[in-house]
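Understanding the architecture of this molecule
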Amino acid sequence: MAESKSTGGQGSAGKTTEADIQAQIDQLRDDIAGLTKLIGSLGGEKASEARERAEKFRDDATKRGQEAYDRAREEAMSLEEDFEDHIRSRPLQSVLVAAGVGFLAALLTRR
């Protein structure tokens, strides 16, 4: 028959087994605590990496937005200058066109 080890305190062999089990339990607790710290630090590293990627994305998006704004502003200024040049070169035509647009707007708003 197979013998089973007893933890019931039978002689010095039983006390050594209990002490070994307690030492193993303590070791497991230490290992679990170490793993918990490791997982926490890995999670912190991943969070830092994600934060860095998000900040880089934000900076790139801000830069692209600023560039698009600058291009649109330059284009609007260019159109404004073109309109001013056109009005200065043909003032009578510009006044008649403006009067016609105003007349049409008045007709449309009366209804």
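Heads up: these notes are all about the structure in this document. (Residues numbered from 1 in each chain as written. Predicted model: local features only at pLDDT ≥ 70, side-chain atom pairs only at ≥ 80, totals over all residues. Heavy atoms only, no water.)

**Examining the side chain of serine 94**
Secondary-structure assignment places serine 94 in helix α2 (residues 91–110). Given the relative accessible area of 16%, serine 94 is considered buried. Setting aside its immediate chain neighbours within four residues, serine 94 contacts His86 and Ile87. (Helix = DSSP H or I, 4+ residues; strand = E, 2+ residues; numbered from the N terminus. Buried < 20%, exposed > 50% of the residue type's maximum accessible area, 1.4 Å probe, protein only. Contact = heavy atoms within 4.5 Å.)

**As for the pattern of salt bridges**
Should the charged atoms of two oppositely charged side chains come close, the side chains can pair. Evaluated as defined, the whole model comprises four salt bridges. When the shortest N-O distance is used, the salt bridge between aspartate 26 and arginine 29 registers 3.6 Å. With aspartate 26 and arginine 29 both in helix α1 (residues 11–89) and three residues apart, this pair spans about one turn of that helix. Between lysine 56 and aspartate 60 there is a salt bridge, with the nearest N and O atoms lying 3.2 Å from each other. Of this pair, lysine 56 and aspartate 60 both sit in helix α1, four residues apart, which is roughly one turn of the helix. (Salt bridge = Lys/Arg side-chain N within 4 Å of Asp/Glu carboxyl O.)

**So, a nonpolar patch on the surface**
Where nonpolar side chains cluster on the molecular surface, the patch consists of Leu35, Leu38, Ile39 and Leu42 and spans about 390 Å² of accessible area. Positionally, isoleucine 39 belongs in helix α1. According to the relative accessible area criterion, isoleucine 39 is exposed, its value standing at 60%. (Patch = residues over 30% accessible without salt bridge, like charges linked within 9 Å, V, L, I, M, F, W, Y side chains within 5 Å. Areas by Shrake-Rupley, 256 points an atom, 1.4 Å probe, with all protein chains shown as cover.)

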